[in-house]
Amino acid sequence: MGSLTDLENYAQENNIPIIQKPGIEFIKECIKKNHVQNILEIGAAIGYSAIQMALVDEKIHITTIERDYPRYLEAVKNIHSFNLDKRIKIINDDALNIDIEGKFDLIFIDAAKAQYIKFFEKYKHNLTPTGIIISDNLNFHGLTKNPEEIKSKNLRALVRKINKYRDFLENNQEFNTIFYNIGDGIAESHRKGA
Ligand code: SAH
Ligand code: MG
């Protein structure tokens with residue numbers, strides 16, 4: 001069986017952007033506090049965050065989506081080595097091209113940063129009434145504060161999109177959001193009145 005440290009090292013060596021330590025600790029606390037059992041994750045990479053979340057409690061079941069085939073294969077291998085095949089279901093597809101059935105009490109959005117509004121709009125129907133949507137990387141290494149100073153055009157466009165998502169959450173009619181400067185910036189959204 002591999003260890004979480006092995007996965008962290010593999011991610012670092014292969015430039016795979018897994019969630020930062022304080023970020024995953026925050027999510028694990030949130031899972032415990034809210035007795036979360038069914039989780040949908042958009043963006044599995046090598047399965048690190050899904051494995052971490054599944055290890056919080058034996059009752060937890062996770063569906064996670066990863067579009068990149070090599071990463072998906074690596075995730076399948078890792079999930080298996082932690083003996084979590086029964087509790088983590090991984091799908092190799094683009095999350096915007098498929099439909100997922102069922103309701104989840106936590107949805108974790110951690111895929112292509114430019115598409116966050118689309119992921120949120122598409123998957124909010126899969127959220128239970130009192131469910132939580134967590135989004136990662138909303139500070140994007142601190143770049144969201146001064147997007148106009150970024151020299152690379154592509155990076156500037158991406159950072160603008162992340163800021164658009166922040167505005168979308170701040171002005172949402174349906175959901176309330178709290179932003180945390182934890183890890184790379186995390187947002188926690190709940191339905192209003194829930
Ligand atoms: N949650 C992981 C890290 C995910 S990194 C962890 O913390 O351990 C983001 C991943 O999202 C990348 O592997 C990328 O291939 C995937 N991704 C990006 N856009 C996607 C999409 N539209 N559908 C599915 N996966 C996507
Ligand atoms: Mg992330």
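The structure we're discussing is the one just above.
How each quantity is defined
Residues numbered from 1 in each chain as written. Chains lettered and ligands numbered in written order. Predicted model: local features only at pLDDT ≥ 70, side-chain atom pairs only at ≥ 80, totals over all residues. Heavy atoms only, no water. Salt bridge = Lys/Arg side-chain N within 4 Å of Asp/Glu carboxyl O. Helix = DSSP H or I, 4+ residues; strand = E, 2+ residues; numbered from the N terminus. Buried < 20%, exposed > 50% of the residue type's maximum accessible area, 1.4 Å probe, protein only. Core = buried A, V, L, I, M, F, W, Y, C linked by side-chain atoms within 4.5 Å. Contact = heavy atoms within 4.5 Å. Donors = N, O, S within 2.8 Å, 3.2 Å for Na, K, Ca; no water.

Comments concerning the pattern of salt bridges
For the coordinates displayed, the defined rule picks out 10 salt bridges. Notably, a salt bridge pairs Lys 32 with Glu 29, separated by 3.5 Å at the nearest N-O pair. With Lys 32 and Glu 29 both in helix α2 (residues 21-33) and three residues apart, the pair spans about one turn of that helix. Exposure remark for Glu 29: the relative accessible area of 45% places this residue in the partly exposed category. Among the ionic pairs, Glu 148 bridges to Arg 160, the shortest N-O distance being 2.8 Å. In this pair, Glu 148 is assigned in the loop between β5 (127-136) and α6 (153-170) and Arg 160 in helix α6, connecting sequence segments 12 residues apart. Here Glu 148 falls in the exposed class, since its relative accessible area comes to 55%. A relative accessible area of 42% places Arg 160 in the partly exposed class. Overlapping salt bridges, with partners in common, bring together Glu 121, Lys 124 and Glu 174 in one network.

A look at the nonpolar core
Ranked by internal contacts, the top residues of the largest apolar core, which has 33 residues, are Ile 27, Met 53, Leu 106 and Ile 134. For this core, the secondary structure elements donating two or more residues are α1 (4-13), α2, α3 (48-54), α4 (69-81), β3 (88-92), β4 (104-109) and β5. Sequence-distant contacts of Met 53, defined by excluding residues within four places in its chain, comprise Ile 24, Ile 27, Ile 31, Ile 39, Glu 41, Ile 60, Ile 62, Leu 106 and Phe 108. Ile 98, Phe 104, Ala 111 and Tyr 116 belong to the second largest nonpolar core, which has 27 residues in total.

Digging into the coordination of the magnesium ion (ligand 2)
Bound to the magnesium ion (ligand 2) are the protein donor atoms Asp 110 (OD), Asp 136 (OD) and Asn 137 (OD1), situated 2.1 to 2.2 Å from the metal. For Asp 110, a relative accessible area of 11% translates into the label buried. Residue classification places Asp 136 among the buried residues on the basis of a relative accessible area of 3%.

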